[in-house]
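# Commentary on secondary and tertiary structure
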Amino acid sequence: MNEPSGESALQKILIIRLSSIGDIIQCSGVPRNLKKLFPRSEIHWLVRSDNTELVKFNPFIDKVIVFDRSLGLSGWGKLTRNLAQENYTHVYDAHNNLRSRLLTPHLKPKYFARRSKNRFKRFLLFWLKINLFQKHYKPSESFIEPLRPWGVVSDHHGGDLHIDPATLEKVKKLIQLENRADVRTIALAPATAWVKKTWPEDYWKALIAKILQETNYQILILGGPQDEFCKNLILDSSRVFSFQGRLSLLESAAATNLCDALIVADTGLLHMTESLGKDVIGLFGPTPFGFPSRLKSQTLEVPLWCRPCSKDGSGLCFNPVFQKCMKDIKPDTVFNALLRQVEP
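Residues numbered from 1 in each chain as written. Predicted model: local features only at pLDDT ≥ 70, side-chain atom pairs only at ≥ 80, totals over all residues. Heavy atoms only, no water.

### As for the packing of aromatic side chains
- This model, assessed by the stated rule, comprises 4 aromatic pairs.
- Aromatic pair Phe 67 and Trp 76: ring centres 4.8 Å apart, planes at 80°, arrangement edge-to-face. Of the two residues examined, Phe 67 and Trp 76, each falls in the buried class.
- Judged by centre distance (4.8 Å) and plane angle (35°), the ring pair of Phe 284 and Phe 291 falls under tilted.
- The buried category is assigned to Phe 284, whose relative accessible area is 0%.
- What links up through ring pairs into an aromatic cluster is the set Trp 199, Tyr 203 and Trp 204.
- For the cation-ring pair, Arg 115 lies above Phe 143, with the distance from its terminal atom to the ring centre recorded as 3.8 Å. (Phe/Tyr/Trp six-rings, centres within 6.5 Å; stacked < 30°, edge-to-face > 60°. Buried < 20%, exposed > 50% of the residue type's maximum accessible area, 1.4 Å probe, protein only. Lys NZ or Arg CZ within 6 Å of the ring centre and 35° of its normal.)

Structure, rendered in structure tokens:
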């Protein structure tokens with residue numbers, strides 16, 4: 001249903017995006033674009049409790065509504081009844097799962113949009129290798145597309161992550177990077193949720209060794225508590241610093257914002273860093289949807305008959321050489337991309 005001029009009466013808008021980290025970040029530019037069309041609007045965002053910090057400080061969101069999934073269906077039912085009293089004029093189901101589909105019929109907005117999961121296109125891509133998506137398909141744009149009937153036009157600035165000043169100051173004090181114009185700091189995020197999209201540990205070691213030998217850069221290694229292998233990457237304790245397990249994801253994003261570059265696979269941290277206005281170097285193998293959005297970010301990949309093979313890197317590897325898509329991205333290639341990124 002088409003929306004008349006953005007200068008009409010006050011719009012009350014609900015965005016539903018509960019998880020996951022990467023998708024919330026990709027969707028986080030939607031409030032900014034909505035405010036440009038509807039400057040007098042009141043925008044609410046429904047999010048899962050463990051992802052609240054990703055949207056909490058967004059200046060384009062007027063109210064964050066939190067759902068605790070431990071409350072189950074009864075909690076969701078209570079939330080549905082509460083939201084039905086809000087009288088939203090616009091509802092955007094950017095999640096499109098069972099919960100959101102149970103919720104939206106009760107809201108009865110005048111204007112409604114839902115983001116497609118493109119299941120048929122994904123089936124063609126993963127199983128028949130027929131790609132109907134645009135090259136380097138950008139999810140941040142796909143979150144805007146369903147709102148075109150309302151008159152929303154993308155500003156092409158991607159996501160919109162905001163970190164509170166207290167977190168930024170905490171990370172600055174904790175990391176204490178050497179702040180000299182001639183010393184670059186490179187953030188590395190070696191871990192991913194799935195083995196298939198993780199660059200091999202030996203390659204990370206080779207890259208770090210080359211950085212240490214051929215530059216005066218210092219290196220910051222980021223990872224979660226379970227990413228114990230990050231400790232194996234400290235090849236020089238005077239210039240390689242590991243904060244594996246010591247920072248939350250939001251704090252890790254704040255750390256990348258203090259660095260000159262981030263080298264990372266297809267993870268939420270890639271999108272968080274870009275949403276803070278930083279360029280990244282992305283290593284891509286099995287996945288097709290998480291490519292960097294910023295013009296100066298770099299996507300490193302190799303063309304293979306078998307890729308992409310999954311949405312998130314889960315499932316089987318169909319190539320006779322396991323993880324060939326990642327193994328064919330060589331350390332020298334990544335090092336040269338790094339020089340292009342940070343050298344004037």
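### A closer look at the pattern of salt bridges
- One pass over the structure, following the stated rule, counts 19 salt bridges.
- A single salt-bridge network, built from bridges that share partners, covers Arg 32, Lys 36, Asp 155 and Asp 160. (Salt bridge = Lys/Arg side-chain N within 4 Å of Asp/Glu carboxyl O.)

### Quick notes on the sheet that holds strand β4 (residues 90-93)
- The 5 strands lie next to each other as β3-β2-β1-β4-β5, forming an open sheet whose pairing is parallel. The open sheet is flanked by β3 (63-67) and β5 (111-114), the only strands paired with a single partner. Strand-to-strand twist across the sheet, computed as the mean angle between neighbouring axes with direction ignored, equals 15°.
- Bridge analysis of strand β1 (residues 12-16) against β4 gives 4 bridges, and the strand direction is parallel. The residue of β4 that forms the bridge with Leu 14 is Val 91. (Pairing = 2+ DSSP bridges. Helix = DSSP H or I, 4+ residues; strand = E, 2+ residues; numbered from the N terminus. Axes fitted to C-alpha atoms, helices over the stretch in contact; angles between N-to-C directions.)

### Looking at the environment of Ser 314
- Tracing the chain through its elements places Ser 314 in the loop between β11 (298-300) and α11 (324-327).
- Ser 314 sits 119 residues away from Val 195 along the chain, and the two C-alpha atoms are 8.0 Å apart.
- Look past the residues within four positions of Ser 314 in its chain and what remains in contact with it is Trp 194 and Lys 196. (Contact = heavy atoms within 4.5 Å.)

### Considering the side chain of Ser 100
- Mapped onto the elements, Ser 100 comes out in helix α4 (residues 98-103).
- Given the relative accessible area of 0%, Ser 100 is considered buried.
- Within the structure, the side chain of Ser 100 is placed 2.9 Å from the side chain of Asp 93, a separation counted as a polar contact.
- With residues up to four places along the chain from it excluded, the contact list for Ser 100 reads Ile 16, Trp 76, Asp 93, His 95 and Arg 114. (Polar contact = N/O pair within 3.5 Å; in protein donor to acceptor, adjacent residues only side chain to side chain.)

### Considering the packing of helix α8 (residues 201-214) against helix α12 (residues 331-342)
- At a closest axis distance of 9 Å, the pairing of α8 and α12 adopts a crossing angle of 45°. Of the possible angle classes, the one that applies to α8 and α12 is oblique. In this structure, α8 crosses over α12, and the sense of that crossing is right-handed. Residue-level contacts link Tyr 203, Ala 206, Leu 207, Lys 210, Ile 211 and Glu 214 of α8 to Pro 331, Asp 332, Val 334, Phe 335 and Leu 338 of α12.
- Partitioning the contact of α8 with α12 into residue classes produces 8 nonpolar, no polar and 3 charged. (Parallel < 35°, antiparallel > 145°, perpendicular 65-115°, else oblique. Left-handed = near helix turned anticlockwise from the far one by under 90°. Nonpolar A, V, L, I, M, F, W, Y, C, P; charged D, E, K, R; others polar.)

### Some details on helix α2 (residues 30-37)
- Within α2, 6 of the 8 residues are buried, which leaves it mostly tucked inside the rest of the structure.
- Of the positions making up α2, those classed as buried are Val 30, Pro 31, Arg 32, Asn 33, Leu 34 and Lys 35.
- Those residues of α2 hidden inside the fold are in contact with β1, α1 (21-27), β2 (42-48) and β4.

### Let's talk about the nonpolar core
- Ranked by internal contacts, the top residues of the largest apolar core, which has 46 residues, are Val 30, Leu 34, Tyr 92 and Trp 150.
- In terms of residues, this core owes the most to one element, helix α9 (residues 249-256), which gives 4 residues.
- The residues contacting Tyr 92, other than those within four sequence positions of it, are Leu 14, Ile 15, Ile 16, Val 30, Ala 113, Arg 114, Arg 115, Ser 142, Phe 143, Pro 146, Leu 147 and Trp 150.
- Residues Ile 219, Ile 221, Met 326 and Leu 338 belong to the second largest nonpolar core, which totals 31 residues. (Core = buried A, V, L, I, M, F, W, Y, C linked by side-chain atoms within 4.5 Å.)

### As for the pairing of β1
- In terms of burial, β1 is largely enclosed, as 5 of its 5 residues are buried.
- Burial along β1 is two-sided: Lys 12, Leu 14 and Ile 16 and Ile 13 and Ile 15, pointing in opposite directions, are all buried.

### Focus on the environment of Thr 267
- Within the secondary structure, Thr 267 is located in the loop between β9 (261-265) and α10 (268-275).
- With 233 residues separating them along the chain, Thr 267 and Leu 34 place their C-alpha atoms 26 Å apart.
- Not counting residues within four places of it along the chain, the set of residues in contact with Thr 267 comprises Ala 191 and Thr 192.

### Quick notes on the packing of helix α7 (residues 165-175) against α9
- Contact geometry of α7 with α9 gives a least axis separation of 9 Å together with a crossing angle of 70°. With respect to α9, the element α7 is oriented roughly perpendicular. The interaxial crossing formed by α7 with α9 has right-handed handedness. Note on element contacts: α9 touches α7 through Glu 251, Ala 254 and Ala 255, opposite Thr 167, Leu 168, Lys 170, Val 171 and Ile 175.

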